[in-house]
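Results of the structural survey
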Amino acid sequence: MRPVGLSPRLLALADQVPQGARFADIGTDHARLPVWLLEHGRISSAIACDLREGPLLQARRTAARHQLSEQLSFRLGDGLAPLSSREADVIAIAGMGGETIIDILSAAPWTREDGCLLLLQPMTSVPELRGWLWRNGYAIRREVLVQEDRLYVVLSVTGGGMEPLSPAEEWAGRQKRGEICPLRETYLDILLKRAGNVLEGLRKAGGADEELSRWEALVSGLEDMKKEWLTWQK
Ligand SMILES: C[S@@+](CC[C@H](N)C(=O)[O-])C[C@H]1O[C@@H](n2cnc3c(N)ncnc32)[C@H](O)[C@@H]1O
């Protein structure tokens, strides 16, 4: 049996799992990620959790096909409820909306404890998720962009808190001088276009002054970030 294959999005997550981690995958579905990590000797144990029976059955099938049923624990339940704190030191929550990720973390404040690394890959509501994280005592340690059918972002998060993010940083993530990220300029362009379109729509519809000012400030903040980024690339 050939090892399980991972898409670039899941590979970007796998890349950030430290060697020897006790790993939990929340919303595991097909369990490709924990199976890949076990096959490549990257983790010492894996817990595959899902809200629904159907995906968990898929997870069991993938593990059985790869002769890893004994090494994986399968748990049914909402978010982190099937897990006790300290059972895993690396937790992936991937392929779900940002709002769902927020709900899952809100119900498990122990994820802010020392020694817990969260790998979050939201499909939607990324600014809302970043905003929620810094306001609730988490620190975004690293962001990785990955191109698949579109751009995805993977956030490495721990407890500990961080400097507040500006509205533009909530949209685009905090950028750091010296960071190597070939997709960053494209990401900023996409976000600028999205925010610019909203602003244009509001102007046409005669939106309220307060809302217009908020969106103008956001677009201007994103433009400044792009200028700063391009300066750093010279
Ligand atoms: C689109 S799949 C993502 C699978 C995999 N994590 C990935 O990134 O490719 C989303 C999975 O999350 C599960 N899910 C959705 N909400 C959940 C929750 N609150 N707790 C646990 N699993 C959840 C769904 O049942 C589904 O299997």
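Summarised in this report is the structure supplied together with it.

The rules behind each value
Residues numbered from 1 in each chain as written. Predicted model: local features only at pLDDT ≥ 70, side-chain atom pairs only at ≥ 80, totals over all residues. Heavy atoms only, no water. Near = heavy atom within 4 Å. Polar contact = N/O pair within 3.5 Å; in protein donor to acceptor, adjacent residues only side chain to side chain. Areas by Shrake-Rupley, 256 points an atom, 1.4 Å probe, with all protein chains shown as cover. Helix = DSSP H or I, 4+ residues; strand = E, 2+ residues; numbered from the N terminus. Nonpolar A, V, L, I, M, F, W, Y, C, P; charged D, E, K, R; others polar. Salt bridge = Lys/Arg side-chain N within 4 Å of Asp/Glu carboxyl O.

Let's talk about the site of the ligand
Surveying the vicinity of the ligand reveals 16 residues, the closest of which are Arg9, Gly27, Asp50, Asp78 and Gly79. The separation between a nitrogen atom of the ligand and a polar main-chain atom of Leu51 is 3.2 Å. Considered on its own, the ligand offers 600 Å² of accessible surface; in the complex 82% of this is hidden by protein. Within the residue set of the shell around the ligand, elements represented by two or more residues are helix H1 (8-14) and strand S4 (90-96). Per element, the largest residue contribution to the shell around the ligand is three residues, and it comes from S4. Among the residues forming the shell around the ligand, the class breakdown is six nonpolar, five polar and five charged.

Digging into the pattern of salt bridges
What the rule picks out here adds up to ten salt bridges. Here Arg86 and Glu113 are joined by a salt bridge, their closest N and O atoms 3.3 Å apart. Taken together, the residues Arg86 in the loop between strand S3 (72-76) and S4 and Glu113 in the loop between helix H4 (98-106) and strand S5 (117-122) connect sequence positions 27 residues apart. When the shortest N-O distance is used, the salt bridge between Lys227 and Asp224 registers 3.9 Å. Taken together, the residues span about one helical turn, with Lys227 and Asp224 both in helix H8 (residues 209-232) at a distance of three residues.

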